[in-house]
Amino acid sequence: MTDLYIHSLAFHTPEKVLSNDDLSKIVDTNDEWIRTRTGISQRHVAGAGENTSDLATKAALKALKNAGMDASELTHVIVATGTQDNLSPSVACMVASNVGAGHVMSFDFSAACSGFIYGLSICRSFLCADPKAKILLVCAEVLTRRVDWQDRTTCVLFGDGAGALVITAEAENALAKLEDIQCLSDGDGRELIVVGGGTACAYQKGDPVDSCYFIRMMGRETYKFAVRNMSAICHELLDRNGYDISDVDLLVAHQANIRIIQAVGERLKISEDRVFTNLAQYGNTSSASIPIALSEAFDQDRIQPGSLVLTTAFGSGLTWGGALLRF
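Residues numbered from 1 in each chain as written. Predicted model: local features only at pLDDT ≥ 70, side-chain atom pairs only at ≥ 80, totals over all residues. Heavy atoms only, no water.

**Q** For a positive patch on the surface, give the residues involved together with the corresponding values.
**A** Taken together, R220, K224, R228 and R267 make up a surface patch of like positive charges. For the positive patch, the leading source of residues is helix α7 (residues 219-240), giving three residues. Take R220: it is sitting in helix α7. (Patch = residues over 30% accessible without salt bridge, like charges linked within 9 Å, V, L, I, M, F, W, Y side chains within 5 Å. Areas by Shrake-Rupley, 256 points an atom, 1.4 Å probe, with all protein chains shown as cover. Salt bridge = Lys/Arg side-chain N within 4 Å of Asp/Glu carboxyl O. Lys, Arg positive; Asp, Glu negative; His and termini not counted. Charge placed at Lys NZ, Arg CZ, Asp CG, Glu CD. Helix = DSSP H or I, 4+ residues; strand = E, 2+ residues; numbered from the N terminus.)

**Q** Tell me about the pattern of salt bridges, and name the residues and values.
**A** For the coordinates displayed, the defined rule picks out six salt bridges. Here D3 and K177 are joined by a salt bridge, their closest N and O atoms 3.6 Å apart. Of the two residues, D3 is situated in the segment before β1 (5-12) and K177 in strand β8 (residues 176-185); the sequence distance between them amounts to 174 residues. When the shortest N-O distance is used, the salt bridge between E73 and K134 registers 3.1 Å. Of this pair, E73 sits in the loop between α3 (52-67) and β4 (76-80) while K134 sits in the loop between α5 (115-129) and β6 (135-142), and the two are 61 residues apart along the sequence. Take E73: its relative accessible area is 34%, and that puts it in the partly exposed class. Each of D180, E236 and R240 takes part in salt bridges that share partners, so that together they form one network. (Buried < 20%, exposed > 50% of the residue type's maximum accessible area, 1.4 Å probe, protein only.)

**Q** Quick one: what's the story with the pairing of strand β13 (residues 319-326), residue by residue and with numbers?
**A** The element β13 is largely enclosed, with a buried count of seven among its eight residues. Pairing of β8 with β13, which is carried by eight bridges, proceeds in the antiparallel orientation. Counterpart to I181 in the pairing with β13 is A323. Pairing analysis gives eight bridges linking strand β12 (residues 308-315) to β13, with the strands arranged antiparallel. (Pairing = 2+ DSSP bridges.)

What follows is the structure, encoded as structure tokens:
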């Protein structure tokens, strides 16, 4: 098995910030209601003419700079997103062009909020096939374009952002090594979280956009699924690698809801000081949430050389996964 090394972490979020007080002017809600139920205080929102590819490109350029790598060295550009600029061409092709990567293999994939974990697994497979590969992995979302701003159960949750990593099989100058990873799914739960707009929404020219276009979520059932499965996969990863929860220096879970993160932490019996959250500042940025959180944790010195970081996520599909990273 070829090893996977992360050589840089970077992220970008839009300048525009929508606070809970701002949101209360749009929908029937208030700051206290949002914070007590979600842990979110604000979210970043893409401006007019600012799309997923724009956020992805800015994060990608930062990641390449941090890694000291020229885009011409890349062999693959992979983007995890559920909010493409267009159904085609892919965001990845646009990013590859924007950063000057030249002729590389580029494609998008969607695993919803589990995109970062799934992306690491995909990259590991490519490195097994070609140990000389140099991969740019970007997780980027503009979810605020796909929320119903009259539905306070969903519109308060989501924000826009992008995270990016440079990945190779080379240990030299690496930030972190992937020790283990697991990705799973259960399509029987596909109705719990749905983002419409595909062929199931059979619009004709001139038809008004209805509710099937926007994010729909069964909150209580989603909460139970997320807590149960993220906790279970974390236990599995630790057990099969001979670790105890005391060996984990930091838990970085998908930033979906503070109650979910707290419940997973309690089930794992990890102290709160070893659980990283930045949900309050960004909201749920789907696939981008873990790379954004990892970047901030690293910048804040919450991650030190030698740190063992446990990451886990869940998302629409239903998908979930976990990974162990040694910095």
